[in-house]
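Structural description and commentary
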Amino acid sequence: MTAIPAVESDVPEQRNDEPAAPAAGWQERARALAVRFGPAVWCYAVLKLIGFTVFMKLLSFSGEYAKKPPRFGGGANPWDVLASWDGWWYQQVAQFGYHPALVPIPGGQVGFNIEQNSAAFFPLYPGLMRLTSDVTGLGLYGAGMLVSVLASLFAAAGIYAVVDRLAGPRAGVIAAGIWAVAPGSGAEWALYSDSTFVALAAWACYCVMTRQWIAAGVITLVAGLNRPTAAALIGAVGLAALVELWRRESGVLRPLAAMLLAPLGLLGYVGWVGWRTGEWGGYFRLQHDAWLHYFDWGQGTFYAIRGVMLGRNDYPFAFALPDLFATLIVLALPALIVLLVRLRPPLVLTAYTLATIVSVLGSLGIFGNVSRYLLPAFPLFIALAVGMRKLSWPVLATVLGTAAAASGWYAGYVIFELGVP
């Protein structure tokens, strides 16, 4: 497949006839990494900090958080909102571990027949929270925020690496900036596993693109311990490895190893939950009967969009403003997909993006969270970054800076305060 034409870099390339430099020490390697990834990471961090500040200010102005329980979007301080909802469950896992069980609710409502259990939340993120807390002495809240922020920086670097390889460094920096202001990006700096997953997904895709098959398989295995949506990444890595096996350009053993390693994390955790609950489909039954979250072939998405367009709330988990944004995002997806495919990116990016979209739109859940659920589909930003790379840096700063300020509302306040993240 043809790659996207890259722009010329401002950094002069080393000439082939120059003598090879001696092996660099760790200081030189660190400096080289800082030079390569620094602009993208700084771009992301500055834009994210702008949006985060606006988000916190809006919470302070409204004061609604003080009227809600800490577990359900409230707390004593605005920043406590970041540790509510899923964040509360992650803290429970980090502090007390798992006790998987399928406990029926007597006389439960339709769709909620089993008590909610922390086993629905995958172990990687809370495990990192606990490890960070033990090493640094921070509380679980501080440790979780530190993990999320650092993971978001690695995610920005991974997105840059992918896009830089396709369209040059300028587009890579812009793509990292777009991810900072994307709808749903409020979850990137919160006690949520989104940033951790995107970091793993981006680097797994990069390893596939550079034919580092063992690394791709291991990273995908770890991603499978982070959240169930890793199934899209597992499928994409497996498909790319299968094509590579057919082409025989990387031999047999390494692509085959990637195919075998990739699903082990996801299958291992789902199998463990099934074993502990005494029912091999225990994890999926927990999701279905305790959280009302399962693959329904898009019926939930259809009813939600129909409800939004007709001004009704006759569908599960209706939240007016978040659902309106989600509807606009869904309507924009066909154009973004066409623009991505038109650029003819590597198979792993196309397959991963399409599988993620199918997984999100084909599952019943909180429709207003479509923006957050689609955060892992970062390749959708590639066409936007390619189109914006011809803009001057002052224009880009104005566009992305304005979007960053607005993201504090549409990507943070709307989701966390006007809906359920």
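Everything here concerns the structure above.
This report concerns the structure included in the present document. What you are looking at is a predicted structure, and each value in this text was computed from that prediction instead of being measured. (Residues numbered from 1 in each chain as written. Predicted model: local features only at pLDDT ≥ 70, side-chain atom pairs only at ≥ 80, totals over all residues. Heavy atoms only, no water.)

1. Considering the overall build of the chain
When helices and strands are counted, the chain shows 17 helices and two strands. The C-alpha atoms of the chain give a radius of gyration of 22 Å, which matches the 22 Å a tight globule of 421 residues would have. Expressed along its principal axes, the backbone C-alpha trace of the chain runs to roughly 80 × 50 × 50 Å. Among the 421 residues that make up the chain, the fraction classed as buried is 51%. Expressed as a percentage of contacts within the chain between residues at least 6 apart in sequence, the contacts between residues at least 24 apart total 76%. Carbon together with sulfur atoms contributes 67% to the accessible area of the chain, which is approximately 19,400 Å² in total. Averaging the coordinates of the 26 positive side-chain charges in the chain and doing the same for the 22 negative ones gives two points 3 Å apart. (Helix = DSSP H or I, 4+ residues; strand = E, 2+ residues; numbered from the N terminus. Rg over C-alpha atoms; globule rule 2.2 N^0.38 Å. Buried < 20%, exposed > 50% of the residue type's maximum accessible area, 1.4 Å probe, protein only. Contact = heavy atoms within 4.5 Å. Areas by Shrake-Rupley, 256 points an atom, 1.4 Å probe, with all protein chains shown as cover. Lys, Arg positive; Asp, Glu negative; His and termini not counted. Charge placed at Lys NZ, Arg CZ, Asp CG, Glu CD.)

2. A word on the packing of aromatic side chains
Applying the stated criterion across every chain yields a total of 26 aromatic pairs. Aromatic side chains W203 and Y206 sit 5.4 Å apart centroid to centroid with 85° between the ring planes, which places their arrangement in the edge-to-face category. Placement of the pair is W203 and Y206 together in helix α6 (residues 194-209), with a separation of three residues, close to one helical turn. Summarising the aromatic geometry, the rings of Y283 and F284 are spaced 5.6 Å apart at their centres and angled 85° between planes, so their arrangement reads as edge-to-face. (Phe/Tyr/Trp six-rings, centres within 6.5 Å; stacked < 30°, edge-to-face > 60°.)

3. With respect to the environment of R344
As for its position among the elements, R344 is in the loop between α13 (320-342) and α14 (347-361). Looking at R344, the relative accessible area reads 45%, which means it is partly exposed. Sequence separation of R344 and L166 is 178 residues, and the distance between their C-alpha atoms is 9.9 Å.

4. Quick word on helix α17 (residues 393-416)
In a regular helix each residue adds 1.5 Å, so 24 residues correspond to 34 Å; α17 covers 32 Å between its end C-alpha atoms and thus fits that length. In the structure, α17 departs most strongly from a straight axis at A406, where the bend amounts to approximately 45°. (Expected span 1.5 Å × (residues − 1). Bend = angle between axes of the 7 residues up to and from the residue.)

5. Some thoughts on the pattern of salt bridges
Overall, the coordinates contain eleven salt bridges when judged by the stated rule. A salt bridge links D134 to R130; its shortest N-O distance comes to 3.5 Å. Here R130 and D134 lie together in helix α3 (residues 124-136), a separation of four residues that amounts to about one turn. (Salt bridge = Lys/Arg side-chain N within 4 Å of Asp/Glu carboxyl O.)

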